[in-house]
Amino acid sequence: MICSFLDAFHLNHLQRKIVLVVVLIILIPMVVTSTFSASWIATRMDASIHRWITEAAEVDRNWLATVNQNGRLFADVLNEVTHGQPRFAAGRSPIPSRLQPMARQMGITLVQVFDPGGRQIYSSPKATLDTSWTKGQSEAVLKVSTGDKTMLAAVNVLRYPRNQARHYRVVLGTLFDKELLGRLDHLSGLKTRLFYPRDGDFAKAFSEEGRPLKLRLPPAAFEQLKRQQPYYSDSAENGRYWGLYTPVADSNGRVEAVLFSGLAHHRGDTLITDQTFLIVLIIILGGVLAGVTGLLLSRLIARPVEVLRDGVMRVASQDFRATLPVSWRDELGDLARAFNGMADSLREARDEQRREFQRDKIAALGELSLAMAHEIRTPIGVINTAAKLLDSAGVRGDREELQQVIRTESVRLDQLLKDFQQLARHRKPEFSRIDPREPLERALQLMLAGHDDIRVQRRYTHDDLRISADPELVQQAWANLVRNAIEAMGDKGELLVGSAVEDEELVLYLQDSGPGIPPELMTRLFEPFYTTKSHGSGLGLTIATTLVEASGGRLELVPETRSGARFAMRFAIVEAHQ
Ligand code: ADP
């Protein structure tokens with residue numbers, strides 16, 4: 001997938017490698033870091049939101065606490081003023097008229113009296129309590145109906161007289177409606193809800209649905225609330241809020257209400273605390289960053305390398321005019337400069353080599369022409385003189401002798417030209433697996449015809465080993481060597497031929513019983529046109545060397561033989577004959 005993505009950028013191999021390496025180098029640490037940082041960010045964000053909600057919810061909590069406190073304070077004042085014995089009468093307020101303004105000031109907007117039978121004998125304003133307090137409860141949040149309006153009241157429940165079974169109850173409360181919660185929302189910046197006790201549960205005050213909605217929390221959360229500890233959830237109210245449920249307890253420690261302060265999840269808000277999302281986000285950002293860095297790097301490094309490669313390829317294909325732009329001011333620029341210098345030197349060297357080769361060719365041609373002219377001039381001179389003498393020679397015997405001289409010199413000229421042809425004509429060798437003694441034996445057979453007094457001794461030891469060579473070329477080379485041997489020995493003598501295996505090579509040799517070769521001549525022997533013979537061309541050994549080498553072998557003169565000259569040919573052993 002990555003490769004097909006990289007295809008879109010038309011990157012070469014080197015650039016792809018750079019991009020992949022950079023992506024790996026950046027991405028792996030990034031994945032590791034992102035995992036840790038995402039978890040850190042999520043935890044920190046969660047903790048910050050929790051802390052903020054807890055602090056902001058103080059406003060809600062304080063309001064209810066103030067209401068309760070005011071109720072308690074006023075109850076104390078009432079006790080003080082009435083010496084713990086307010087006067088109760090049906091339809092009359094138990095609060096003396098001088099305390100009424102104070103009650104209003106302290107937000108006491110509900111006053112009710114219940115006689116010992118539990119009947120309501122006074123209520124201001126006219127209101128019935130839809131929910132009731134439980135036994136022993138001194139403060140409570142109750143649902144109240146005033147005419148057609150339903151409100152909540154945070155109340156203090158006072159008993160008169162205090163410690164008697166039959167007692168009046170005075171309810172001092174603060175009425176509040178939905179708008180108050182709205183104002184709290186505004187103050188705290190949070191969504192405020194109030195849950196009041198109802199039928200053993202907590203019901204949502206002023207629920208929009210018109211019917212009491214139960215507070216739904218996990219059992220452990222209720223336990224926590226009962227212990228008067230707030231409960232925090234990052235997916236409160238069906239996952240719509242980060243929310244804090246704060247229990248509101250009366251002076252006896254009973255939970256009289258639960259306040260909910262929540263921060264609504266808006267679309268995308270929760271992502272900041274979602275670890276998986278953060279990891280994926282960081283990886284994607286890291287991947288893009290790594291990819292772009294890789295591409296830039298690859299362009300920066302690989303592009304000059306590509307230019308260098310093109311230059312080197314051109315030089316490799318003998319185009320020495322290749323030059324590189326020296327626009328980089330770095331090591332690559334140095335490299336380009338060095339490369340241009342090298343290409344210049346190579347071009348000059350090549351030109352010089354060509355000129356030298358031309359000069360050598362002309363010199364060699366001159367030498368060869370000179371040698372040829374020298375070789376040809378002698379027989380032609382002889383033929384010319386013989387022809388002139390032939391005109392004036394009257395005696396029959398003399399004429400025959402002169403004619404013989406002309407024939408001999410013509411044959412020599414012919415042989416000379418054949419040698420030249422042989423040297424010039426390069427037949428493509430045709431290799432075959434052969435027994436190396438075969439070309440040698442055929443050459444002996446041909447060259448020794450008519451030389452009955454020359455004996456041949458054979459010492460072949462190579463058994464059935466074979467070489468790969470062109471048998472005709474090798475035979476021709478042996479023929480030249482045998483002719484030299486015969487010329488060195490004269491009509492009588494002995495030839496020793498044989499074979500040996502040395503250094504995994506097969507060596508074949510020919511030794512004659514002639515005078516041998518003086519050490520001082522040994523180095524010159526293989527030079528073209530070098531001869532010690534009056535009629536020699538000096539090309540025999542040169543031709544033999546060329547033919548053997550064309551057949552994949554080597555021709556050498558074996559020094560230090562006791563008698564005669566010994567020449568050897570070396571060939572690689574192919575395999576044994578099957
Ligand atoms: P050419 O036979 O025409 O002289 P070659 O190149 O064949 O040319 O030989 C060069 C010289 O090497 C000969 O002139 C001779 O002096 C010497 N030479 C070659 N083979 C032998 C040999 N078997 N014994 C002595 N001298 C030899």
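Summarised in this report is the structure supplied together with it. Fair warning: this is a prediction, and the values are worked out from it, not measured in the lab.

Structural notes on the side chain of Thr 246
Within the secondary structure, Thr 246 is located in strand β10 (residues 241-249). Classification of Thr 246 as buried rests on a relative accessible area of 5%. Discounting residues that sit within four places of it in the chain, Thr 246 has contacts with Arg 61, Pro 230, Ala 257, Val 258 and Leu 259.

Side note on the packing of helix α7 (residues 275-316) against helix α8 (residues 331-392)
Direction vectors running N to C along α7 and α8 enclose 10°, while the axes themselves pass 11 Å from each other. The angle between the axes of α7 and α8 places the two elements in the roughly parallel class. Where α7 abuts α8, its residues Pro 304, Leu 308, Gly 311, Val 312 and Val 315 lie against Leu 332, Leu 335, Ala 336, Phe 339, Ala 343 and Leu 346.

Quick notes on the nonpolar core
Ranked by size, the top nonpolar core spans 48 residues in total, and within it Trp 478, Leu 481, Leu 495, Met 569 and Phe 571 carry the most contacts. Here this core gets 10 residues from one element, more than from any other, and that element is helix α11 (residues 471-489). Each residue touching Met 569, except ones within four places of it in the same chain, is listed here: Val 474, Ala 477, Trp 478, Leu 481, Leu 506, Val 507, Leu 508, Val 548, Arg 554 and Leu 555. Ranked by size, the runner-up nonpolar core spans 18 residues in total, among them Phe 176, Leu 180, Leu 181 and Tyr 196.

Examining the site of the ligand
In the vicinity of the ligand lie 19 residues, with Asn 484, Asp 512, Thr 531, Thr 532 and Lys 533 positioned nearest. Taking Ser 537, its main chain carries an N or O atom lying 3.0 Å from an oxygen atom of the ligand. At 2.9 Å from an oxygen atom of the ligand is found a main-chain nitrogen or oxygen belonging to Gly 538. In the complex, 93% of the free accessible area of the ligand, which totals 530 Å², lies under the protein chains. Applying the majority rule of atoms within 2 Å of the grid points places the ligand in the largest pocket. Among the elements of the structure, α11 and α13 (540-550) are those that each provide at least two residues to the shell around the ligand. The dominant element in the shell around the ligand, judged by the number of residues it contributes, is α11, at three residues. Its residues placed into classes, the shell around the ligand shows nine nonpolar, eight polar and two charged.

Basis of the calculations
Residues numbered from 1 in each chain as written. Predicted model: local features only at pLDDT ≥ 70, side-chain atom pairs only at ≥ 80, totals over all residues. Heavy atoms only, no water. Helix = DSSP H or I, 4+ residues; strand = E, 2+ residues; numbered from the N terminus. Buried < 20%, exposed > 50% of the residue type's maximum accessible area, 1.4 Å probe, protein only. Contact = heavy atoms within 4.5 Å. Axes fitted to C-alpha atoms, helices over the stretch in contact; angles between N-to-C directions. Parallel < 35°, antiparallel > 145°, perpendicular 65-115°, else oblique. Core = buried A, V, L, I, M, F, W, Y, C linked by side-chain atoms within 4.5 Å. Near = heavy atom within 4 Å. Polar contact = N/O pair within 3.5 Å; in protein donor to acceptor, adjacent residues only side chain to side chain. Areas by Shrake-Rupley, 256 points an atom, 1.4 Å probe, with all protein chains shown as cover. 1 Å grid on protein atoms, 1.4 Å probe; cavity = no way out; pocket = protein on both sides within 12 Å on 5 of 7 lines; lining within 4 Å. Sits in = over half its atoms within 2 Å of the grid points. Nonpolar A, V, L, I, M, F, W, Y, C, P; charged D, E, K, R; others polar.

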